[in-house]
Amino acid sequence: MRLEEQAAVQIVAAGRRLDALGWVPATAGNFSVRLDARRLAVTVSGRHKGFLTTDDVMVVDLDGVAEDPAKRSSAETLLHCGIYRRFPEAGAVLHGHSIANTVLSRVAGGSVTLAGYELLKVFPGLPTHEASVDLPVVPNDQDIARMQRGLDALWDGMGAIPPGYLIQGHGSYVWAPDMPMALARMEGLEFMLRCVLEERSLR
Ligand SMILES: CSC[C@@H](O)[C@@H](O)C(=O)COP(=O)(O)O
Ligand SMILES: [Zn+2]
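Each residue is numbered by its place in its chain's sequence as written, counting from 1. Written order decides the labels, with chains lettered from A and ligands numbered from 1. In view of the model being predicted, local features appear only for residues whose pLDDT reaches at least 70, and side-chain atom pairs are presented and counted only at 80 or more, with totals across whole chains, interfaces and linings using the full set of residues. Only hydrogens and water are set aside when side-chain values are computed; all heavy atoms of the structure are taken into account.

Asker: I'd love a proper account of the sheet that holds strand β5 (residues 111–115), names of residues and values included.
Answerer: The strand order β3-β2-β1-β4-β8-β7-β6-β5 describes an open sheet built from eight strands, whose pairing is mixed. In this open sheet, the two strands that pair with only one neighbour each are β3 (57–61) and β5. In this sheet, neighbouring strand axes are inclined to one another by 20 degrees on average, regardless of whether the strands run parallel or antiparallel. Pairs of strands are assigned from DSSP output, requiring at least two bridges between the strands. Secondary structure elements are defined from DSSP: runs of H or I of at least 4 residues count as helices, runs of E of at least 2 residues count as strands, and each element is numbered from the N terminus. The pairing of strand β4 (residues 92–96) with strand β8 (residues 171–176) spans five bridges and is antiparallel. Looking at the pairing, Leu94 lines up with Val174 of β8. The contact rule is simple, with two residues in contact once any of their heavy atoms fall within 4.5 Å. Note on geometry: axes are lines fitted to C-alpha atoms, helical ones only across the stretch in contact, with angles between N-to-C directions running from 0 to 180 degrees. Against the sheet, helix α2 (residues 77–86) touches β1 (30–34), β2 (39–43), β3, β4, β7 (164–167) and β8, its axis set at about 35 degrees to β1. The strands touched by helix α5 (residues 179–202) within the sheet are β1, β4, β5, β6 (132–138), β7 and β8, with β8 carrying the most contacts at an inclination of about 140 degrees.

Asker: Talk me through the UniProt feature "domain: Class II aldolase/adducin N-terminal" (unreviewed entry) in the protein chain; I want residue IDs and the actual numbers.
Answerer: Summarizing the sequence annotation, UniProt attributes the feature "domain: Class II aldolase/adducin N-terminal" (unreviewed entry) to residues 9–197 in the numbering used throughout. The span residues 9–197 carries 33% helix and 22% strand; its end-to-end C-alpha distance comes to 33 Å. UniProt positions are given in the numbering used here, feature names are shortened, and annotations may be inferred rather than shown by experiment.

Asker: Can you lay out a nonpolar patch on the surface for me, pointing to particular residues and giving the numbers?
Answerer: Nonpolar side chains (Val, Leu, Ile, Met, Phe, Trp, Tyr) are joined into patches within 5 Å and like charges within 9 Å, using only residues with over 30% relative accessible area and no salt bridge. Accessible surface area values rest on a Shrake-Rupley calculation with a 1.4 Å probe, where residue burial reflects the displayed protein chains alone. A pairing counts as a salt bridge when a side-chain nitrogen of Lys or Arg comes within 4 Å of a carboxyl oxygen of Asp or Glu. Taken together, the side chains of Ile99, Val103 and Val107 make up a nonpolar region of the molecular surface, amounting to roughly 290 Å² of accessible area. By the element assignment, Val103 lies in helix α3 (residues 99–107). On the basis of relative accessibility, which here comes to 34%, the residue Val103 falls in the partly exposed class. Think of it in three bands: residues with accessible area under 20% of the maximum for their type are buried, residues over 50% are exposed, and the middle band is partly exposed, with areas taken using a 1.4 Å probe on protein chains only.

Asker: Outline the site of ligand 1, supporting the account with residue identities and numerical values.
Answerer: What makes a residue near a molecule or strand is one non-hydrogen atom of that residue sitting within 4 Å of it. Near ligand 1 there are 13 residues, and of these Ser45, Gly46, Ser74, Ala75 and Glu76 occur at the shortest range. Any N or O atom pair separated by 3.5 Å or less is treated as a polar contact, with the protein-specific requirement of one donor-capable and one acceptor-capable atom, and with residues adjacent in sequence counted only for side-chain atom pairs. Contacts to ligand 1 include Lys49, whose side-chain N or O atom sits 2.9 Å from an oxygen atom. Within the side chain of Glu76, an N or O atom sits 2.6 Å from an oxygen atom of ligand 1. Burial of ligand 1 by the surrounding chains reaches 76%, relative to a free accessible area of 410 Å².

Asker: Before we move on, can you summarise the pattern of salt bridges with the specific residues and values?
Answerer: With the rule as written, the count across this model stands at 13 salt bridges. Among the ionic pairs, Arg39 bridges to Glu67, the shortest N-O distance being 3.0 Å. Pair noted here: Arg39 is in strand β2 and Glu67 is in the loop between β3 and α2, with a separation of 28 residues, a long-range link. The exposure class assigned to Glu67 is exposed, which follows from its relative accessible area of 52%. One salt bridge in this structure joins Glu118 and Lys121, with 2.6 Å as the shortest N-O distance. Take Glu118: its relative accessible area is 47%, and that puts it in the partly exposed class. On the accessibility criterion, Lys121 (40% relative accessible area) is partly exposed. A single network of salt bridges, built from pairs that share partners, joins Arg2, Glu4, Glu5, Asp36, Arg39 and Glu67.

Asker: Residues and numbers for the packing of helix α1 (residues 3–20) against α5, please.
Answerer: With their axes 11 Å apart at the nearest point, α1 and α5 run at an angle of 20 degrees to one another. Relative to α5, the element α1 lies roughly parallel. Our pair here, α1 against α5, has a crossing hand that is right-handed. For the pair formed by α1 and α5, the contact residues are Gln10, Ile11, Ala14, Arg17 and Leu18 on the first element and Met179, Pro180, Leu183, Met186 and Glu187 on the second. Broken down by class, the residue content of the contact of α1 with α5 amounts to seven nonpolar, one polar and two charged. Here roughly perpendicular refers to angles of 65 to 115 degrees, roughly parallel to angles under 35, roughly antiparallel to angles over 145, and oblique to all remaining angles. Rotating anticlockwise by less than a right angle from the far helix to the near helix defines a left-handed crossing, while the corresponding clockwise rotation defines a right-handed one. Asp, Glu, Lys and Arg are counted as charged, while Ala, Val, Leu, Ile, Met, Phe, Trp, Tyr, Cys and Pro are counted as nonpolar; the rest, among them Gly, fall into the polar class.

The structure is reproduced here in structure tokens:
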């Protein structure tokens, strides 16, 4: 199978998985896989991500320019490009709108601290639960290029950058070297966010 077809099959399967988990309501969410140093496969804009076919995946370059100008890539394509440009180890990117990530992103301020969870081990360089990750929360913005510039400025000022972030009132982005690992990271992250939410509601 060609690289583009393999990527499309992985993206379709990821959409089914995340829809089954309730994290891509309506037409929310977008996904991508890096194809090579200059190109990525990304979801077409506006499709329900639980019902994707391989025709709903297209190729863009790292500036977000489509190979097939007849197709319109995700409205948030430039956030995918921003991740692949900055992190050479990123091979797949997932974006979802869960209730936990949406609620926490609205009440958290600048970051959500995840500490003491066994599932922290899904993130790189954390071999035990005795760790803490500050997941950045950035303002939502319909100007995606401007949002990506804000993210680049934020990352410039950070030491260790976790492979994910939240957008206020919007959702989460997670990346990993490949799609199976990106799915594992998203599931781990969403599990921990749900725990944080439930712990807060007990207080
Ligand atoms: C259902 S509105 C959600 C969109 O505004 C956007 O945030 C989103 O996640 C999906 O946009 P898309 O252009 O399909 O990739
Ligand atoms: Zn979104």
